[in-house]
Amino acid sequence: MKRIFALTIIIISVFAGRAQTFEELAPTPPMGWNSWNKFGCNVSESLIREMADAMVLSGMRDAGYEYIVIDDCWQISRDEQGNIVPDPERFPSGMKALADYIHSLGLKFGIYSCAGSKTCQARPGSRGYQFQDARTYASWGVDYLKYDWCYNEDQNPKAAYKTMSDALKECGRPIVFSICEWGESNPWEWAKGIGHLWRTTADIRDCYQCVFDWGGLGVLDIIDKQVELWRYAGPGHWNDPDMLEVGNGGMTEDEYITHFSMWAMLAAPLMAGNDLRDMDESTKMILINTDVIAVNQDTKGEQARRFMDMGEHEIWAKSLSDGEVAVCFLNRTDKPWNLNYDWKKQTMYFVRDVNIRKNTYTVYDLWQHKTIGNTDEILREDIPAHGVLMVKLMKK
Ligand code: GLA
């Protein structure tokens, strides 16, 4: 008996202390903050520390945000041994000290590099230095790497990302690998097992609907490119429709609610991209909506599917692990949508656990945080221009 007890203790402690394998690092979509959307190249040690502090003080850490990621421009050169050198003026205490500080707050630390010879802002890239860089990141305490695709000099994308993936797998520290290849070679078809998330489009812009010549695009334009990608997402491997613009000032509150709701529905990584030190009530209300975050972080890891496309109006559904379902009514237009919806006529054929014809479900509004009816009744709601109604159908 004593022996069995001792053996059990050993087994439990081995498992508790076991390092996570690469495959286990992102069981739900990563959540955090990244410097690029708001600050571009204007990054520094003080900014990053303040952002980490704000993530805690604002309640974002407690809502699930975890990674603080420095995007481009932290690196300045390589030394004689080829080691990557952080900008000493902007990061005078060095990356290890910054990582230690972020870890002391219960958060994780992310960094950025590029598969090309240079980063997109022409800083040194990792091409030819992948294993050396991965070891350097591990020695600093890095937990997350975003890896870009500028100056790629016609490399094969799968091979280029696999090289860095192999380097991370061997560096001795668990590091989440975020592939930023902009969806050019359909990374969803090859990136599972190489990285944990992969960008599906060019860069997001802080607008509801807009497309730039160089490829940048708005929220609605990005959503349109996710429709067919649901089959590639799941625990440990996520489509990444780019970081959040919530709070950056280019959209209305309803548009930001649409942005956040749809990213949650799409099981997208939720990387805030605003100034966390200076958030108005509306921005906080959106980023810290734990009902919506719970849909995003659902352990089943399904990406929502659009099951009704009526042109100007769409309905999306995301099946959840508790046998329930999140439904999002999206009003693309600049006029309110006077919704008059008969649940009994729904055709969420892919949501197997929910049978609306047979059972009655409570309709819970995830933004108003209250029950607004049940599936035996017609749903009547006014959805604002460019807005959504996001609900969860709950068992009675
Ligand atoms: C690319 C990426 C962006 C950002 C910048 C940095 O454009 O797609 O997300 O990292 O580079 O230069």
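Use the structure listed above.
One structure accompanies this document, and this report is about it. For clarity, every value in this text was computed on a predicted model and none was experimentally measured.

Turning our eyes to something else, we now look at the site of the ligand. Surveying the vicinity of the ligand reveals the residues W36, D71, D72, Y112, C120, Q121, K146, D148, C180, W182, R199 and D203. Residue D72 places a side-chain N or O atom 2.8 Å away from an oxygen atom belonging to the ligand. The side chain of W182 places a nitrogen or oxygen atom 3.0 Å from an oxygen atom of the ligand. Notes on the ligand: free accessible area 310 Å², of which the protein chains cover 94%. Of the residues assigned to the shell around the ligand, the class counts are 5 nonpolar, 1 polar and 6 charged.

Backbone geometry at E153 places phi at a positive 50 degrees, although glycine is not the residue there. Looking at where E153 falls in the secondary structure, it is placed in the loop between β6 (144-148) and α7 (157-170). Not every positive phi belongs to a glycine, and D242 is a case in point at roughly 90 degrees. In this fold, D242 is placed in the loop between β9 (238-240) and α9 (253-265).

Before going further, it helps to spend a moment on α9. Under the 1.5 Å per step criterion, the end-to-end length of α9 is 18 Å for 13 residues, consistent within 8% with the ideal 18 Å. Burial of α9 is extensive: 11 of the 13 residues sit out of reach of the surface. Of all the positions in α9, only E255, Y256, I257, T258, H259, F260, S261, M262, W263, A264 and M265 are classed as buried.

Position of R78 relative to the elements: it lies in strand β3 (residues 75-78). A polar side-chain atom of R78 sits 2.8 Å from the main-chain carbonyl oxygen of G125. Not counting residues within four places of it along the chain, the set of residues in contact with R78 comprises N83, I84, V85, P124, G125, S126, Y129 and D133.

What follows concerns the pattern of salt bridges. Applying the stated criterion across every chain yields a total of 22 salt bridges. Across the pair K146 and D71 runs a salt bridge whose closest N-O atoms are separated by 2.7 Å. With K146 in strand β6 and D71 in the loop between β2 (67-69) and β3, the pair connects residues that are 75 residues apart, well separated along the chain. Given a relative accessible area of 2%, D71 falls into the buried group.

Right, let's talk about the sheet that holds strand β13 (residues 325-331) for a bit. Pairing is antiparallel in the open sheet, where 6 strands are placed in the order β11-β12-β13-β18-β15-β16. Lying at the two open borders of the sheet, with one neighbouring strand each, are β11 (305-309) and β16 (370-374). Ignoring strand direction, the axes of neighbouring strands in this sheet form an average angle of 30 degrees. Across 7 bridges, strand β12 (residues 313-319) lies against β13 in antiparallel orientation.

Calculation rules
- Residues numbered from 1 in each chain as written.
- Predicted model: local features only at pLDDT ≥ 70, side-chain atom pairs only at ≥ 80, totals over all residues.
- Heavy atoms only, no water.
- Near = heavy atom within 4 Å.
- Polar contact = N/O pair within 3.5 Å; in protein donor to acceptor, adjacent residues only side chain to side chain.
- Areas by Shrake-Rupley, 256 points an atom, 1.4 Å probe, with all protein chains shown as cover.
- Nonpolar A, V, L, I, M, F, W, Y, C, P; charged D, E, K, R; others polar.
- Helix = DSSP H or I, 4+ residues; strand = E, 2+ residues; numbered from the N terminus.
- Expected span 1.5 Å × (residues − 1).
- Buried < 20%, exposed > 50% of the residue type's maximum accessible area, 1.4 Å probe, protein only.
- Contact = heavy atoms within 4.5 Å.
- Salt bridge = Lys/Arg side-chain N within 4 Å of Asp/Glu carboxyl O.
- Pairing = 2+ DSSP bridges.
- Axes fitted to C-alpha atoms, helices over the stretch in contact; angles between N-to-C directions.

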